[in-house]
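Remarks on the overall topology
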Amino acid sequence: MRRVTGPLSQMGAKIDTQDDGTPPLHVHGGQTLHGIDFASPVASAQIKSAVLLAGLYAQGETSVVEPHPTRDYTERMLSAFGVDIEFSPGKARLRGGQRLRATDIVVPADFSSAAFYLVAASIIPGSELRLKQVGLNPRRTGLLHALRLMGADITEENPAEQGGEPVADLVVRYAPLKGARIPEELVPDMIDEFPALFVAAAAAEGQTVVSGAAELRVKESDRLAAMATGLRALGMQVDETEDGATLHGGVRLGSGTIESHGDHRIAMAFAIAGQISDGEVRINDIANVATSFPDFDGLARRAGFNLA
Ligand SMILES: O=C(O)C1=C[C@@H](OP(=O)(O)O)[C@@H](O)[C@H](O)C1
Ligand SMILES: C=C(OP(=O)(O)O)C(=O)O
C-alpha cells in the first residue's frame, strides 16, 4: 500500500501499515491535510485518484503528474459533480475545500467486459458479434489496437456520445490472428485486458511479446503468473519475464484445471480459452466474476459459448 500511503502521508495523513507496507491498515482520523504536487512514479489511475480525492479535503492545491496518461474517470466525475478541476492527459490539479453537487450520470457500456467477447469472436471460427454502444474512452481501448495489430477484424459502427464519452457498436468477426509485439505505450490503456489478450495470443500463429506490464503483478492476482501457469496447464509454452511474457501461440489447447485465484478476469479469460480447447477446462474459484460482470455466464451461453 506504500504507493498510496506514501503520498497521503506527505499530505499529513496518519496511516499505519504492516512492516512490509501491506494491510491491515490503521487510519488515524482528524488530521489536517495539505495539498502536494505529486509526481507519481507509476502510471496508475488508482494512485492518482487517491491523491486527488484526498486533495479535495486538503488545504491549498493538489496536483498529480503521471509518467504516462491513465484513465481519467475521477477527473471527469469530479468535474461533472461541480468540482473546479483542471486536467489534461497525464496531469490534474484541484483546490481543496470544494463541495460536490449531486448530478445524474450516464455510464456507457464497459469496454473491459466487451473485451472478452472481442477476443472470443476473433478466435472462434465462424463468429460474428455486434457489441452495442460500447464506451470507447481512448484511455481504455488499448486492446482494440493490440487485436488489430494481430489481424483482428473489428469495425466501429453507429458512433455516438454518452455521458461525454465516445461510444460505438463494435462488430467483430473471426479472423486468423498473428502474434505481435505489444507496444509498451498501449499498456496503461489496456491494463485490465491482458488476461483476454493472452488468450488471443494463444490462438495467434507465432509469438506475442508483452513487456512493460509489471503492474499486472499487483492486480487482484499476479496476472502474469496466473495466466502463464494456466496456459501452460493447457499445453502452451509461455516464457514469463519480470514485466511481461513471450507467448508461443498457434498450438491446440488441451484440457486442464485452472486456478483463477479469485480473480474475475482470470476466470473469464479461461472461459474463453476453454472454447478453443480440445478438452475440458475446469476453472476453480469463479464467484468473483459477479463483482464486475454478474451475468457473464448467461450472456456467454446466449452468445453460443459451451459452458458446463
Ligand atoms: O482507477 C481504477 O479504479 C482502476 C484503474 C486501473 O488500475 P491502475 O490504473 O491503477 O493500474 C485498473 O486496473 C483497476 O482495476 C481499477
Ligand atoms: C478492478 C478490476 O476490474 P473491475 O473494475 O471490474 O473491478 C480489474 O480488472 O483489475
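What counts, and at which threshold
Residue numbering note: each chain is counted from 1, following its sequence as written. Ligands are numbered from 1 and chains lettered from A, in the order in which they are written. Local features in this predicted model are restricted to residues of pLDDT 70 or higher, and side-chain atom pairs are both shown and tallied only at a pLDDT of 80 or more, whereas totals for entire chains, interfaces and linings draw on every residue. Excluded from the side-chain calculation are hydrogens and water; included are all heavy atoms of the structure. Strands were regarded as paired on the criterion that DSSP finds at least two bridges between them. Put simply, DSSP H or I for four residues or longer makes a helix, DSSP E for two residues or longer makes a strand, and each gets a number counted from the N terminus. The axes are straight lines fitted to the C-alpha atoms, using for helices just the contacting stretch, and the angles between their N-to-C directions are given from 0 to 180°. Any residue with a heavy atom positioned within 4 Å of a molecule or strand is treated as near that molecule or strand. Side-chain atoms alone can form a polar contact between residues adjacent in sequence; in general such a contact is a pair of N or O atoms within 3.5 Å, and within protein one must be able to donate a hydrogen while the other accepts it. Only the protein chains shown count as cover for residues, and all accessible areas are computed by the Shrake-Rupley method using a 1.4 Å probe. Any residue that is not Ala, Val, Leu, Ile, Met, Phe, Trp, Tyr, Cys, Pro, Asp, Glu, Lys or Arg is counted as polar, Gly included; the first ten are nonpolar and the last four charged.

Brief notes about the sheet that holds strand β11 (residues 165–173)
As summarised here, the arrangement of the three strands in space is β9-β11-β10, forming an open sheet in which the pairing is antiparallel. Each having just a single partner strand, β9 (128–135) and β10 (153–162) make up the two edges of the open sheet. For this sheet, the mean angle separating the axes of adjacent strands, direction not counted, is 15°. Bridge count for β10 against β11 is eight bridges, and the pairing is antiparallel. Within β11, the position partnered with T155 by the bridge is V171.

Re the site of ligand 1
Surrounding ligand 1, one finds S44, A45, Q46, R71, I191, D192 and K219. One of the backbone N or O atoms of A45 is found 2.7 Å from an oxygen atom in ligand 1. Here an oxygen atom of ligand 1 sits 2.5 Å away from a polar atom, N or O, in the side chain of D192. Coverage of ligand 1 by the protein chains reaches 76% of its 380 Å² of free accessible surface. The class makeup of the residues in the shell around ligand 1 is two nonpolar, two polar and three charged.

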